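# Inside the fold
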Amino acid sequence: MMRIPFVDLPAQYETLADEINAAVTGVMKRCDFILGKDASLFEAEFAEYCGAKHCVGVDSGTSALELALRAYGIGPGDEVITTANTFVATAFAASVLGATPVLVDIDPQTYNMDPAKLAAAVTERTKAVIPVHLYGCPADMTPILDVARRHHLIVIEDACQAHGATYHGARTGTLGHAAAFSFYPGKNLGAYGDGGAVVTDDAEIARFIRVCRDQGQSEKYHHVMVGHNHRLDTLQAAILRVKLPHLDDWNDARRRNAAIYDEFFADNPNVVTPSYPEGFQSAYHLYVIRVKNRDAVRKHLDEQGIACGIHYPIPIHLQPAYQHLGYMRGAFPITEAYADDILSLPMYAELTEEAIQHVVQEVGLAIERTSGKGMAVSVKNAMNQQVT
Ligand SMILES: *Cc1c(COP(=O)(O)O)cnc(C)c1O
């Protein structure tokens, strides 16, 4: 049996072990653990990578989203629009500030915010929109930014899965007012623990977040606002500095692996593979297919030692934590239908062509065994229909 993990962090560590160990040792020798040298150097390097003026390192992607919204004054009474198909932290960032997350359905091809649905959801209380570049594929930013401009909305990109993706040539993280990144270990750029960053061109916003993440201090023991402890750990920054120069190569490898999956799946009509519009260059944080009888297919793969994921099995509006928002089942038909069919296959830079071929064969076998044969064709057709 060929065991294939969902991500292979040990394989990546092996290629960089000496450098990472040296970077960690360096911090321990300096003992500059809190906002040390590597923390500020990483901020400068990641800002440059994104093509943004400022980067503020924080302790998670969730904190990055929350601090970005807070910096723009989002709070009680405000509405923040995002999609029903995202990781729950996108919506939590609005909720913890006392704002109300307002959800919209997704575009059937990108699985991201449908700009037309965004326009329809704007009210006089809407203050911000959080487009999510889910799976590493950019949201359709041009029409989203048009809506935002018309209604004077702040745009915070949730780029937690999209380090190095591009939208018509521009890096995600530079398309709105500010962007949130996560360095959770399994992300395209992952630390060895939690980490995150806010990226922005706005010097005032960067300064606010810098003070807010560090106990509201403008200087030591001088607290100009009620702050938090949301600092990026220096050890994590040191590790991220070793990894950042490899990010583009890793993303290229992910894209190559996605193309290999696409090719092997091409003659299987029962599998819907990702296919993004011209100009949307995914960083393939995840390679997500759609199949009928998804749970049975997943069980078969699991038995064969192939680890998969579901991103995400329960849409935001159907989460117990969000029953108070009052959305009914059926509110977001595309998100809900996809939640039953989506399956994230193993995806990482070190994945071999042989492993990909094996996964594709086993997906095919699983579909035959679960008598799902033929059923997913309707899914494929539905995907091309304009669902309204
Ligand atoms: C990972 C992730 C987050 C949260 O990041 P953490 O670092 O885990 O707090 C937010 N949004 C999306 C889309 C994510 O994938």
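These lines cover the structure that appears in this document, whether it is placed above or below. (Residues numbered from 1 in each chain as written. Predicted model: local features only at pLDDT ≥ 70, side-chain atom pairs only at ≥ 80, totals over all residues. Heavy atoms only, no water.)

### Some points on the overall build of the protein
Helix and strand content of the protein: 13 helices and 14 strands. Since a compact globule built from 388 residues should have a radius of gyration of about 21 Å, the 21 Å found for the protein is in line with a globular shape. Considering only C-alpha atoms, the protein reaches an extent of 65 × 55 × 35 Å along its principal axes. Relative to its full complement of 388 residues, the protein shows a buried share of 58%. Considering only contacts in the protein between residues 6 or more positions apart, those separated by 24 or more positions represent 72%. Counting only carbon and sulfur atoms, one obtains 53% of the accessible surface of the protein, whose full area is about 16,100 Å². Separation between the mean location of the 32 positive side-chain charges and that of the 46 negative ones in the protein comes to 3 Å. (Helix = DSSP H or I, 4+ residues; strand = E, 2+ residues; numbered from the N terminus. Rg over C-alpha atoms; globule rule 2.2 N^0.38 Å. Buried < 20%, exposed > 50% of the residue type's maximum accessible area, 1.4 Å probe, protein only. Contact = heavy atoms within 4.5 Å. Areas by Shrake-Rupley, 256 points an atom, 1.4 Å probe, with all protein chains shown as cover. Lys, Arg positive; Asp, Glu negative; His and termini not counted. Charge placed at Lys NZ, Arg CZ, Asp CG, Glu CD.)

### Section: the sheet that holds strand β2 (residues 79–83)
An order of β1-β9-β8-β5-β4-β2-β3 is seen for the seven strands of this open sheet, with the pairing classed as mixed. The sheet is open, and its two edges are formed by β1 (54–58) and β3 (100–104), each paired on a single side. Across the sheet, the axes of successive neighbouring strands diverge by a mean angle of 25°, strand direction being ignored. Pairing analysis gives five bridges linking β1 to strand β9 (residues 196–200), with the strands arranged antiparallel. When the bridges of β9 are listed, Gly-57 appears paired with Ala-197. Of the strands in this sheet, β1, β2, β4 (126–129), β5 (154–158), β8 (178–182) and β9 are in contact with helix α3 (residues 61–71), which crosses β8 at around 165°. (Pairing = 2+ DSSP bridges. Axes fitted to C-alpha atoms, helices over the stretch in contact; angles between N-to-C directions.)

### Section: the site of the ligand
Taken together, 15 residues surround the ligand, and among them Gly-61, Thr-62, Asp-158, Ser-182 and Lys-187 come closest. The side chain of Thr-62 places a nitrogen or oxygen atom 2.5 Å from an oxygen atom of the ligand. Taken by itself the ligand offers 380 Å² of open surface, and the protein chains cover 93% of this. Of all the secondary-structure elements, those providing two or more residues to the shell around the ligand are α3 and α4 (89–96). Residues that form the shell around the ligand fall into these classes: six nonpolar, seven polar and two charged. (Near = heavy atom within 4 Å. Polar contact = N/O pair within 3.5 Å; in protein donor to acceptor, adjacent residues only side chain to side chain. Nonpolar A, V, L, I, M, F, W, Y, C, P; charged D, E, K, R; others polar.)

### Quick word on the packing of aromatic side chains
Per the stated rule, a full pass over the model turns up 16 aromatic pairs. Measuring from ring centre to ring centre gives 4.5 Å for Tyr-261 and Tyr-287, while their planes differ by 15°; the resulting arrangement is stacked. Taken together, the residues span a long stretch of sequence, with Tyr-261 in helix α9 (residues 247–265) and Tyr-287 in strand β13 (residues 287–290) at a distance of 26 residues. Residue class for Tyr-261 comes out buried when judged on its relative accessible area of 0%. (Phe/Tyr/Trp six-rings, centres within 6.5 Å; stacked < 30°, edge-to-face > 60°.)

### Quick look at a nonpolar patch on the surface
Together, Met-28, Phe-33, Ile-34 and Leu-35 line one region of the surface with nonpolar side chains, adding up to about 360 Å² of accessible area. Residue class for Leu-35 comes out partly exposed when judged on its relative accessible area of 30%. (Patch = residues over 30% accessible without salt bridge, like charges linked within 9 Å, V, L, I, M, F, W, Y side chains within 5 Å. Salt bridge = Lys/Arg side-chain N within 4 Å of Asp/Glu carboxyl O.)

### Notes on unusual backbone geometry
Most peptide bonds take the trans form, and the phi angle of most residues other than glycine is negative. Cis geometry marks the peptide bond from His-311 to Tyr-312, where omega comes out at 10°. Residue position: Tyr-312 is located in the loop between α10 (294–303) and α11 (333–341). Even without glycine at this site, Tyr-221 takes up a positive phi of about 65°. Mapped onto the secondary structure, Tyr-221 falls in the loop between β10 (217–219) and β11 (222–223). Judged by relative accessible area, Tyr-221 falls into the exposed class, the value being 65%. Of note, Tyr-284 is a non-glycine position whose phi angle comes to about 40°, a positive value. Turning to its location among the elements, Tyr-284 is positioned in the loop between β12 (280–281) and β13.

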